[in-house]
Amino acid sequence: MVIGRRKASHGVVVVSLVGSLALGVVGCTEGSGAAKRDDRAVRGTQLCGGDAISAEAGKALKVITGSSRFEPSRPEDTVAHAARSLGEAYASPATDDGDICHVYAIDSVPSDRLEATWDLTWGSPESEPAPEFTVLPMGEQALAAPNAGIVRFACRSEKLPGPAPTHIRLAVERWSSKAPEGDPEKLKDAYATVAHSFALAMARELRCENDGGLAPRPALDPV
């Protein structure tokens, strides 16, 4: 009887070990999936072709999204590609706006994203921006809100022939079902910083004279 109990106990131990091993395999599989997801993540400065977001703007993205890890951008989501589209739009004004890049935090849902866009503007800068916007001294006009940043600049370039400068507006806006979270003033600074980074990258890609009047760093003190 004693031997029988020992055998039974041994059997329970074996079953327990097998079960533990099985759970371990499942755990490793799930961990591998998480690791693969982490391996796919990129830093903010690697987004949108790698030359659109400065180190300063990369930090600003964390203020906006709460994350420092992002889904990789599509190969065509670059400032260089957007600049070519802008040049084509300038020559044939059937289309005068377009996307540059969409930014997704690694753990966000598809409906929660940042969109960087460009458009050609033909009139004067907005004299009466919406109340949520703060006016900043960058380019022809810069505006910052807790969920958007806009920088408009004038570009003279051989890539955009013509006697008058081309007026370009770069916008970075968050599309989300959630209200902006965080200090409104810090969010404004963050959006202005990211919008300036995209605008400066576009000005340099287009070879605008004097970088379109944009300084190397964003100016965040209100006008």
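Residues numbered from 1 in each chain as written. Predicted model: local features only at pLDDT ≥ 70, side-chain atom pairs only at ≥ 80, totals over all residues. Heavy atoms only, no water.

A. Spatial organisation of the sheet that holds strand β6 (residues 166-175). Taken in spatial order, the 6 strands make up an open sheet running β1-β2-β6-β5-β4-β3, and their pairing is antiparallel. Each edge of the open sheet is held by one strand with a lone partner, namely β1 (97-103) and β3 (134-136). For this sheet, the mean inter-axis angle between neighbouring strands, taken without regard to orientation, is 20°. Pairing of strand β4 (residues 141-145) with strand β5 (residues 148-155) involves 5 bridges; the strand directions are antiparallel. When the sheet's bridge partners are listed, Leu143 is paired in β5 with Ile150. Sheet strands in contact with helix α3 (residues 79-91) are β1, β2 (113-121) and β6, and its direction is about 30° off that of β2. (Pairing = 2+ DSSP bridges. Helix = DSSP H or I, 4+ residues; strand = E, 2+ residues; numbered from the N terminus. Axes fitted to C-alpha atoms, helices over the stretch in contact; angles between N-to-C directions. Contact = heavy atoms within 4.5 Å.)

B. Broad picture of helix α4 (residues 184-205). Between its terminal C-alpha atoms α4 stretches 32 Å, which fits the 32 Å expected from 22 residues at 1.5 Å a residue. The buried fraction of α4 is high, at 16 of 22 residues. Measuring from the backbone nitrogen of Glu185 back to the side-chain oxygen at the start of α4 gives 2.9 Å, which picks out Asp183 as the cap. Directly beyond the C-terminal end of α4, a positive phi value near 60° is found at Arg207. (Expected span 1.5 Å × (residues − 1). Buried < 20%, exposed > 50% of the residue type's maximum accessible area, 1.4 Å probe, protein only. Polar contact = N/O pair within 3.5 Å; in protein donor to acceptor, adjacent residues only side chain to side chain.)

C. Representation of the state of the cysteines within the structure. Tallying each qualifying case throughout the model produces 2 disulfides. Residue Cys48 pairs covalently with Cys101 via a disulfide, S to S 2.1 Å. Between Cys48 and Cys101, the disulfide has an S-S torsion of -80° and is therefore left-handed. Residue Cys48 is found in the loop between α1 (2-40) and α2 (55-65), and its partner Cys101 is found in strand β1; the two are separated by 53 residues along the sequence. By relative accessible area, which is 0% here, Cys48 ends up buried. On the basis of relative accessible area, Cys101 is assigned to the buried category, the value being 1%. (Disulfide = S-S within 2.5 Å.)

D. Structural context of the environment of Ser197. Within the element layout of this structure, Ser197 appears in helix α4. In this structure the C-alpha to C-alpha distance between Ser197 and Ala57, which are 140 residues apart in sequence, comes to 6.5 Å. Of the polar contacts made by the side chain of Ser197, one reaches the backbone nitrogen of Ser54; its length is 3.0 Å.

E. Representation of the pairing of β6 within the structure. Relative to β6, β2 is paired through 9 bridges, and the arrangement is antiparallel. Across the sheet, Thr117 pairs through a bridge with Ala171, a residue of β6. Pairing between β5 and β6: 8 bridges, direction antiparallel. The residue bridging Val151 from the neighbouring strand is Leu170, located in β6.

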